Amino acid sequence: MRTSTNGTRLDRRLMQRLLVVAALLAPCPGADAQPAPYRHDVFDAHMHWNQEPNPFYPLDKVLEIFRNNGVTGILATSRPNKGTHQLVEAKPPGLWIVPFIRPYRVRADIQTWFKDPAIFELIKDEYQRGYYRGVGEFHVNGNDAAGPLVKSIVDFAVERDLYLHAHCDEPALLHLFAHNPKAKIVWAHTGFSTPPARVRELLDKYPALWGELSYRSGIADGQGRLSDEWRALFASHSDRFLIGSDTWINERWFGYDTIFKTYRAWLGQLPEDQARRIASGNAVRLFGPRPTN
Ligand SMILES: [Zn+2]
């Protein structure tokens with residue numbers, strides 16, 4: 001009996017070891033399927049809480065959406081700037097707010113702000129609040145960016161160490177840097193469809209240029225698989241990109257969860273250090289230090 005009991009114990013130990021070895025050798029479940037989604041906190045570098053005259057979602061609901069999506073920081077703007085004031089004054093626990101001056105009072109200003117002296121006055125007035133870190137998001141294309149009023153705004157930003165959040169095509173981007181080579185520009189949408197090779201050239205040429213990736217095409221395919229070109233661009237320039245929601249219309253608030261699920265799906269395919277930079281690390285480097293609240 002004794003021998004047989006020992007034999008049973010030995011068998012059990014052997015079996016346990018074999019199971020451990022088998023578990024180590026076996027492919028991990030889903031290794032060929034989608035990688036685990038990126039789980040860490042994210043900074044929404046393109047958030048509008050527009051109010052014309054009232055916001056689509058009240059403050060509590062917006063804060064709940066951020067919490068549900070692991071968003072712990074936002075580049076905050078609104079049209080008019082009232083929404084940004086309210087966000088800053090609310091001091092929501094656990095949410096880092098980086099306010100930018102929106103150069104718009106109403107939607108129609110998008111078409112004319114770059115030649116409207118009243119907008120420069122608006123920017124100067126808002127700046128008096130003392131908490132702004134940048135100007136934007138503003139829209140400008142081609143030679144509309146070449147005018148003297150735009151140069152004044154770029155110079156104003158440079159002199160006060162403010163970032164510009166520019167939704168612009170490549171010619172306008174070059175005009176902004178030509179106005180003042182010391183400009184610091186977050187390029188909203190990273191040109192939408194500018195070839196990745198050209199994005200790389202621009203990042204190399206302008207060290208104070210960062211790409212924000214909402215609506216940016218070509219990063220992942222229909223199945224969510226990261227493209228080879230973008231994987232390579234992130235491998236060499238992961239310190240130059242940010243992600244954002246661009247809640248410019250109500251539908252983007254409806255789609256907020258999906259937007260960040262999509263980001264997480266391709267962030268999860270990157271090496272951890274690169275994913276962390278793009279998700280929130282670069283925002284901390286640009287706008288930090290992050291306050292503890
Ligand atoms: Zn936008």
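Refer to the structure printed above.
**Q** Can you break down a nonpolar patch on the surface residue by residue, with the values?
**A** Judged by side-chain polarity, Phe192, Tyr215 and Trp248 come together as a nonpolar surface patch covering roughly 270 Å² of accessible area. Looking at the element boundaries, Trp248 is found in the loop between β8 (241-242) and α9 (250-254).

**Q** Lay out the coordination of the zinc ion with the relevant residues and their values.
**A** Geometry sets the ideal angles at a metal, namely 109.5 degrees for four tetrahedral donors and 90 or 180 degrees for six octahedral donors. Binding of the zinc ion to the protein goes through His46 (NE2), His48 (NE2), Glu137 (OE) and Asp246 (OD), at separations of 2.0 to 2.3 Å. Given four donor atoms and angles of 87 to 176° at the metal, the environment of the zinc ion is assigned as irregular. Read N to C, the donor residues that coordinate the zinc ion are spaced as H-x1-H-x88-E-x108-D. Of the two residues, His46 sits in strand β1 (residues 42-48) while Glu137 sits in strand β4 (residues 134-140), which places them 91 residues apart along the sequence. Using a relative accessible area of 2% as the deciding quantity, one classes Glu137 as buried.

**Q** Describe helix α8 (residues 228-237), listing the residues and the values that go with them.
**A** Every buried residue of α8 is listed here: Trp230, Leu233, Phe234 and His237. Angular distribution of buried residues about the axis of α8 spans 95°; they occupy a single face of the element. In this fold, the buried residues of α8 make contact with α7 (196-205), β8, α10 (256-267) and α11 (272-287).

**Q** Quick rundown of the sheet that holds strand β3 (residues 96-101)? Include the residues and the values.
**A** Note on sheets: strands pair through backbone hydrogen bonds, and any given pair is parallel or antiparallel. Read across the open sheet, the eight strands follow the order β1-β2-β3-β4-β5-β6-β7-β8; overall the sheet is parallel. Looking along the sheet, the strands with just one partner apiece sit at the ends: β1 and β8. With four bridges joining them, strand β2 (residues 71-77) and β3 adopt parallel strand pairing. Paired with Ala76 across the two strands is Pro99, which belongs to β3.

**Q** Lay out the nonpolar core with the relevant residues and their values.
**A** Considering soluble globular proteins, one finds that nonpolar side chains tend to be buried as a cluster. Of all hydrophobic cores here, the largest spans 71 residues; its most connected members are Phe66, Phe234, Trp266 and Leu267. The contact partners of Trp266, leaving out residues within four places of it in the chain, are Leu213, Ile219, Ala220, Gly224, Leu226, Phe234, Ile243 and Ile278.

**Q** Can you break down the pattern of salt bridges residue by residue, with the values?
**A** Any two side chains of opposite charge can pair, on the condition that their charged atoms come close. Evaluation of the coordinates by the stated rule reveals 14 salt bridges. A salt bridge links Glu201 to Arg198; the nearest nitrogen and oxygen atoms lie 2.7 Å apart. Residue Glu201 and its partner Arg198 are located together in helix α7, separated by three residues, close to a single helical turn. For Glu201, a relative accessible area of 46% gives the class partly exposed. One salt-bridge network, held together by shared partners, links Arg105, Asp109 and Asp116.

**Q** Explain helix α5 (residues 148-159) to me, using residue names and the numbers behind them.
**A** Each α-helix winds once per 3.6 residues, and so residues spaced three or four apart point in a common direction. The terminal C-alpha atoms of α5 lie 16 Å apart, and with 12 residues this matches the ideal 16 Å at 1.5 Å per residue to within 8%. Within α5, burial applies to Leu149, Val150, Ile153, Val154, Asp155, Phe156 and Ala157. Lining the buried residues of α5 we find α4 (117-127), β4, β5 (163-168) and α6 (170-179). One or two residues past the end of α5 sits Asp161, with phi positive at roughly 55°.

**Q** Please give an account of unusual backbone geometry that cites residues and values.
**A** In the segment running from Arg79 into Pro80, the intervening peptide bond is cis, with an omega of -5°. With respect to the helices and strands, Pro80 occurs in the loop between β2 and α3 (82-90). Here the residue pair Gly136 and Glu137 is connected by a cis peptide bond, since its omega of -15° sits within 30 degrees of zero. Positive phi, normally seen in glycine, also occurs at Thr190, with a value near 45°. Considering the arrangement of structural elements, one finds Thr190 in the loop between β6 (185-187) and α7. Residue Thr190 is classed as buried on the basis of its relative accessible area of 1%. In this structure, Asp246 is a non-glycine residue whose phi angle is positive, near 55°.

Reading the values: the criteria
Residues numbered from 1 in each chain as written. Predicted model: local features only at pLDDT ≥ 70, side-chain atom pairs only at ≥ 80, totals over all residues. Heavy atoms only, no water. Patch = residues over 30% accessible without salt bridge, like charges linked within 9 Å, V, L, I, M, F, W, Y side chains within 5 Å. Areas by Shrake-Rupley, 256 points an atom, 1.4 Å probe, with all protein chains shown as cover. Salt bridge = Lys/Arg side-chain N within 4 Å of Asp/Glu carboxyl O. Helix = DSSP H or I, 4+ residues; strand = E, 2+ residues; numbered from the N terminus. Donors = N, O, S within 2.8 Å, 3.2 Å for Na, K, Ca; no water. Tetrahedral: all angles 85-135°; square planar, octahedral: opposite > 155°, others 65-115°. Buried < 20%, exposed > 50% of the residue type's maximum accessible area, 1.4 Å probe, protein only. Arc of directions from axis to C-beta. Contact = heavy atoms within 4.5 Å. Pairing = 2+ DSSP bridges. Core = buried A, V, L, I, M, F, W, Y, C linked by side-chain atoms within 4.5 Å. Expected span 1.5 Å × (residues − 1).

These results come straight from atomic positions and should not be treated as a statement about function.
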